[in-house]
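Spelled out from the first residue to the last, the chains are:
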Amino acid sequence: MKTSFPRLISFAAIISILAAQLPAARAQGLSASPLRNTPSDVERDAGRVQAVIDQAENHYKLAELSLRDRNIDAARAEFDKSVDTILESGLDVRANPKLQTFYLQLVERIYRAEVPAQVAPAATQAVVASNAAQPAQLGGAQIINANATNDVASVQQPTGFLRDQHFEPSPLDELSKIVLTEEEKTVTDEEVAKLEEAKSTINFGFNTNTLIQQYINYYQGRGRGTMEVGLRRSGRYMTMAREIFRKEGVPEDIVWLGQVESTWKPNAYSWAAASGLWQFIPSTGSRYGLRQTAWVDERNSFEKATHASARYLKWLHDRYNNWELAMAAYNTGEGNIDRAISRAGARDFWRIYPFIAQETRNYVPNILATILIAKNPERYGFRNIRPEAPLSYDVVNVPSATSLQLVASAADSSVDYLRSINPELRRDVTPRGESYNLRVPAGRGKAFVALLKRVPADRRESAKVVPVAPGEDFGSVAARTGSSVAQLQLWNAGVDLSKGGKLVVPSGAVRNVAMVRARPNTSAAASTLVTVKAKAGETIAQIAARYGANPEEVARLNAYASDAALVANQMVKVPAKPGTAVTNGTPGRRGR
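These remarks concern the structure in this document. Sequence positions are assigned chain by chain, starting from 1 and proceeding in written order. Side-chain atom pairs in this predicted model are given and counted only at pLDDT of 80 or more, local residue features only at pLDDT of at least 70, and totals for whole chains, interfaces and linings cover all residues. Side-chain descriptors were evaluated using all non-hydrogen atoms of the structure, hydrogens and water having been removed beforehand.

### With respect to unusual backbone geometry
Argument step 1. Despite not being glycine, Trp-264 has its phi angle at roughly 60 degrees, a positive value.
Argument step 2. With respect to the helices, strands and loops of the structure, Trp-264 is situated in the loop between α12 (257-262) and β4 (268-269).
Argument step 3. Not every positive phi belongs to a glycine, and Asn-321 is a case in point at roughly 55 degrees.
Argument step 4. Helix numbers and strand numbers start at the N terminus; a helix is a DSSP run of H or I with at least 4 residues, a strand a run of E with at least 2. Among the structural elements, Asn-321 can be located in the loop between α14 (303-320) and α15 (323-332).
Argument step 5. In this scheme, a residue with accessible area under 20% of its type's maximum is buried, one over 50% is exposed, and one in between is partly exposed, where area comes from a 1.4 Å probe on protein chains only. Asn-321 sits in the exposed class, given a relative accessible area of 63%.

See the structure below:
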């Protein structure tokens, strides 16, 4: 797939990946021929590489001119073309040192030119439009309006702006390197016959090939761990993805393309700056309506990126009238597939196979093997694989520049968990200058909205919510948080503290968020945080019961739903009383 405008932190990841491969690529280029006077592949491609570099540089210069004219959309389009020129050239970027170096420098230049252009205007857009009074629906989750009135956002630098997105390596990078062993390549006539029989269970047509069975052999052996992880993680997104693909007119079984693209990780990031569950590069993401700004990158969104992926696949199928070619083009771009079809003289994946890049040769049979296994895992030896529970959350419409730290404290969650269910957010704050549909833990949306309405519009980046013990008064809370009684009363008008609850306080003043009461034999009664290993399919609630802990507390501590099925050996933190026997874990730090 294609790229999106790079991020500073992800750019460093690309640098490290490609830099590690540079010596090998250079050595490969220099040793391509044993004859001193025979030109290497790198030397033969020199003229073509320079032409591609010149073309990409021309698009970059046009983008610079558009930026000077404050034409952001035109600049973005030219930046996209600059990157696409390289990625769609058919050249192996990683195997050519000159092209690889230029590409990395281009990515950095685009980042430095693009991000300031996106941040500055956003920081001056203060007025937030009013929102509809009635809840809406998105992806089966209720949208709750957190705006009681039209709010004017503060234009100060957001306190949570400094932490960038976290990314994980895309499995596509490893896919291109897979070399099947002789054992994996061994396919019997009986296996071919069974492959043809299994093909009838798939809801789209394709031609069988022994290479599909070879990848099944790979996943039954050294690739088993990857397959098992994917089959489990798929449960989080499968219901949503099937529904969206069906609505967009794409065969539902093709959703398993997501396993090969990302192993169902919304923060997967490839060497070519492709991002998200469906690995969009910037230009293709923009083409299918995925916003990429200094605040959000919708290529990492669950629903929006899935819609975009299905629409792109449908468009490619309409172009080729062949799902195998559509999947191949999804990986390498329609330009490369068009050229391969021209050279092969046929619109058939197995006919164009010799004329496409190695990654794409691996890609299509890999997906077909994955689909066959996923449709009948026990048939291929994958028994007792329990998919994880679908993601469950409420959707709350929050005002401009709302801090995730505020949301976490108000919704009894953590910033890390909020980031995990809102992977499109690039910072610990929602976009400035607009209201935003934010996912929060299921069942906590209404309570969060009630708390958020107490927070002044200009303090939603810096306020925090603290718990209050039964019987505690405003004076006690003011003393331990460093705020004033008058300010607490103003922000929490009408709140009855007799039964405890929560108060909104300025986060910069918080010294101690919990009331401390003297207890006899405190050291003997305190809980110790222990780390235990989950059994396959075990839930947070079951582990909590085993150690006499509150399941909701354990769920919050680990940012997992209490009924979510866990994978084997997954590490879970549990507050347990001293002396509790721990047979499959190790003691952690003492709980606060």
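### Side note on the pattern of salt bridges
Argument step 1. We define a salt bridge as a contact between a side-chain nitrogen of Lys or Arg and a carboxyl oxygen of Asp or Glu at a distance within 4 Å. Summed over the entire model, instances satisfying the criterion amount to 27 salt bridges.
Argument step 2. For the salt bridge of Asp-412 with Lys-502, the shortest nitrogen-to-oxygen distance reads 2.6 Å. Residue Asp-412 is located in the loop between α19 (404-410) and α20 (415-421), and its partner Lys-502 is located in strand β8 (residues 501-506); the two are separated by 90 residues in the primary sequence.
Argument step 3. One network of salt bridges, with partners in common, ties together Arg-242, Arg-246, Glu-252, Asp-253 and Lys-375.

### What to know about helix α16 (residues 334-344)
Argument step 1. Turning to α16, its buried residues number three or more, namely Glu-334, Asn-336, Ile-337, Ala-340, Ile-341 and Ala-344. Around the axis of α16, the buried residues are gathered within 155 degrees of arc, so they sit on the same side. Those residues of α16 that are exposed and aimed more than 90 degrees away from the buried face are Ser-342 and Arg-343.
Argument step 2. Immediately beyond the C-terminal end of α16, within one or two residues, lies Gly-345, with a positive phi of roughly 75 degrees. Read the arc as the range of directions from the helix axis to the C-beta atoms.

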